[in-house]
Amino acid sequence: MDVTTLGGLLVGLGAVGAAVASYLGKRSENRTTSLNSAFDQIQEERDGLRTGIAERDARIAELLEERLADQVELARLQVKIIQLGGDPS
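In this report, the structure presented in the accompanying data block is examined.

Cut-offs and rules
Residues numbered from 1 in each chain as written. Predicted model: local features only at pLDDT ≥ 70, side-chain atom pairs only at ≥ 80, totals over all residues. Heavy atoms only, no water. Helix = DSSP H or I, 4+ residues; strand = E, 2+ residues; numbered from the N terminus. Rg over C-alpha atoms; globule rule 2.2 N^0.38 Å. Buried < 20%, exposed > 50% of the residue type's maximum accessible area, 1.4 Å probe, protein only. Salt bridge = Lys/Arg side-chain N within 4 Å of Asp/Glu carboxyl O.

1. Things to note about the overall build of the chain
For the chain, the count of helices and strands is one helix and zero strands. Here the C-alpha atoms of the chain give a radius of gyration of 38 Å, more than 25% beyond the 12 Å that 2.2 N^0.38 yields for 89 residues. Principal axes of the C-alpha set define a box for the chain whose edges measure 125 × 15 × 10 Å. Within the span of the chain, comprising 89 residues, buried residues form 0% of the whole.

Structural data, given as structure tokens:
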């Protein structure tokens, strides 16, 4: 085998190696892109859930305030019934 043939073989092997490296690099890039997309979707869902939880907590606080106001009103009415000579039970 002369030097020219050996050089041609090495160039051919180099081209195949470069093609394999390029293929693997592109696969890795595609995988990274899909993972980033999945993470973005998960983060959007998480943010939506956080918003939903905050709204739920605000509604619970509002209902607790209404319950407290109702209890105060019931106590006031019971006192009024007793003052008028009635039985509040």
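Right, picking up where we left off after that structure.
2. Quick look at the pattern of salt bridges
Should the charged atoms of two oppositely charged side chains come close, the side chains can pair. As enumerated under the stated definition, the model contains four salt bridges in all. One salt bridge connects arginine 46 with aspartate 47, and the closest N-O pair in it is separated by 3.3 Å. Judged by relative accessible area, which is 38%, aspartate 47 ranks as partly exposed.

3. Some remarks on the environment of leucine 68
One can find leucine 68 in helix α1 (residues 3-83). Taking C-alpha positions, leucine 68 is 95 Å from threonine 4, a pair spaced 64 residues apart along the chain.

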